[in-house]
Amino acid sequence: MTEDPQDDGWETSAAAWIAHLGDDGDFGRQSVLDGPMMARVRAGGFRRALDVGCGEGRFCRMLAAEGITVTGIDPAPSLIGRARALDPSGDYRVESAEALSFADGAFDLVVAYLSLIDIPDAAAAIAEMARVLAPGGTLLIGNLTAYNSAGDVAEMGWQTLADGRRAHAMDQYLEERSAWIEWRGIRIRNWHRPLSTYMRLLLDQGLTLTHFVEPRAIGGDPVRVAHYNRAPWFLMMEWRKPG
């Protein structure tokens, strides 16, 4: 059977994803990205935010708790349905990142929290995020490191060496590609792109990099903390639109 090139697996994996993530998020969100992401949000004094690829709306609810007016978009109807069920007063829409329906400059904060890896046309999506960002506004990105996503090649990623040590192998780092990732009943298409691709696309929009970090895991299961801190799992970037 030929796979549909437009199918990213998120709609068919929605129920398994919701069960896996729960109300509090997985380890990577709770113990690695949430803290530094929210620190940048709280420092920004933002009023109106767009969460691109909001999924079941978890980060939207976190932003709303800070008094920010939030709109969440995601192309998977079942995930948006779950977001609306958990937050009936919220603004959640079925929409793709590559063709946003909002006016130019509509938001002073645009967030892409672990969503760029799911978007087939990153160039179009980043251009749209920059378009709907107000002058002086911030694009806040949390993403898998390219080191991490380059391990999607068969027999790569974390593995045990002959002497028992654990090591991470990767290959074809400079080649942009997609791969199907499977765990706990979830099967989704992720995109690997070298960091230079993201940097070029963001710079091409005239944005200015104001913050960059590969955050460490803090708190939670000590074994998992130690594993996540062996190599950069995630990165976080903050870009500002001039004006």
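Residues numbered from 1 in each chain as written. Predicted model: local features only at pLDDT ≥ 70, side-chain atom pairs only at ≥ 80, totals over all residues. Heavy atoms only, no water.

Trainee: What am I meant to see in the overall build of the chain here?
Mentor: Check the secondary structure of the chain and you find eight helices and eleven strands. At 18 Å, the chain has a C-alpha radius of gyration in line with the 18 Å of a compact globule built from 243 residues. With 243 residues in all, the chain has 47% of them scored as buried. Considering only intrachain contacts with a sequence separation of at least 6, the fraction spanning at least 24 residues in the chain is 67%. If you average the places of the 24 positive and of the 33 negative side-chain charges in the chain, the two averages end up 5 Å apart. (Helix = DSSP H or I, 4+ residues; strand = E, 2+ residues; numbered from the N terminus. Rg over C-alpha atoms; globule rule 2.2 N^0.38 Å. Buried < 20%, exposed > 50% of the residue type's maximum accessible area, 1.4 Å probe, protein only. Contact = heavy atoms within 4.5 Å. Lys, Arg positive; Asp, Glu negative; His and termini not counted. Charge placed at Lys NZ, Arg CZ, Asp CG, Glu CD.)

Trainee: What exactly am I supposed to notice about the sheet that holds strand 1 (residues 48–52) here?
Mentor: Sheet strands pair by backbone hydrogen bonding; their relative direction is either parallel or antiparallel. Taken together, the seven strands give an open sheet; going across it, the order is 3-2-1-4-5-11-10, and neighbouring strands pair in mixed fashion. Two strands in the sheet have a free side with no partner beyond their single neighbour: strand 3 (91–94) and strand 10 (208–213). Each adjacent strand pair in this sheet contributes to an overall mean axis angle of 15 degrees, direction not counted. Summarising the sheet, strand 10 and strand 11 (residues 234–240) pair through five bridges and their orientation is antiparallel. When the bridges of strand 11 are listed, L209 appears paired with W239. Against the sheet, helix 2 (residues 27–44) makes contact with strand 4 (107–113), strand 5 (133–144), strand 10 and strand 11, and its axis sits at roughly 15 degrees relative to strand 11, the strand it touches most. Against the sheet, helix 5 (residues 122–132) engages strand 1, strand 4 and strand 5, with an angle of about 145 degrees to strand 5. (Pairing = 2+ DSSP bridges. Axes fitted to C-alpha atoms, helices over the stretch in contact; angles between N-to-C directions.)

Trainee: How should I be thinking about the packing of helix 1 (residues 14–21) against helix 4 (residues 77–86) in this particular structure?
Mentor: In contact at an axis separation of 9 Å, helix 1 and helix 4 are set at 45 degrees when each is read in the N-to-C sense. Classified by the interaxial angle, the pair formed by helix 1 and helix 4 is oblique. Crossing of helix 1 over helix 4 shows right-handed handedness. Contacts between helix 1 and helix 4 involve A14, W17 and I18 from the former and S78, L79 and R82 from the latter. Of the residues contributing to the contact of helix 1 with helix 4, the split by class is four nonpolar, one polar and one charged. (Parallel < 35°, antiparallel > 145°, perpendicular 65-115°, else oblique. Left-handed = near helix turned anticlockwise from the far one by under 90°. Nonpolar A, V, L, I, M, F, W, Y, C, P; charged D, E, K, R; others polar.)

Trainee: I would appreciate a short explanation of unusual backbone geometry in the present structure.
Mentor: Across residues other than glycine, the phi torsion is negative in most instances, and most of the peptide bonds are trans. Although it is not a glycine, L114 adopts a positive phi angle of roughly 55 degrees. Mapped onto the elements, L114 comes out in the loop between strand 4 and helix 5. The class for L114 is buried, based on a relative accessible area of 10%.

Trainee: For this particular structure, what's the right way to read the side chain of T138?
Mentor: Here T138 shows up in strand 5. Classification of T138 by relative accessible area gives buried; the value is 2%. Beyond its immediate stretch of four places on either side in the chain, T138 contacts F46, D108, L109, V110, L133, E238, W239 and R240.

Trainee: Explanation requested: the pattern of salt bridges in the structure shown.
Mentor: Pairs can form between side chains of opposite charge whenever their charged atoms are close. As enumerated under the stated definition, the model contains twelve salt bridges in all. As a salt-bridge pair, R58 and D34 come within 2.2 Å of each other at their nearest N and O atoms. Here D34 lies in helix 2 and R58 lies in helix 3 (residues 58–64), a separation of 24 residues in the sequence. With a closest N to O distance of 2.9 Å, R40 and E238 form a salt bridge. With a gap of 198 residues between them, R40 in helix 2 and E238 in strand 11 connect regions that are remote in the sequence. We classify R40 as partly exposed; its relative accessible area is 24%. (Salt bridge = Lys/Arg side-chain N within 4 Å of Asp/Glu carboxyl O.)

Trainee: Please explain the environment of A85 as it appears in this structure.
Mentor: Relative to the assigned elements, A85 resides in helix 4. For the pair A85 and Y173, spaced 88 residues apart in sequence, the C-alpha to C-alpha distance is 40 Å.

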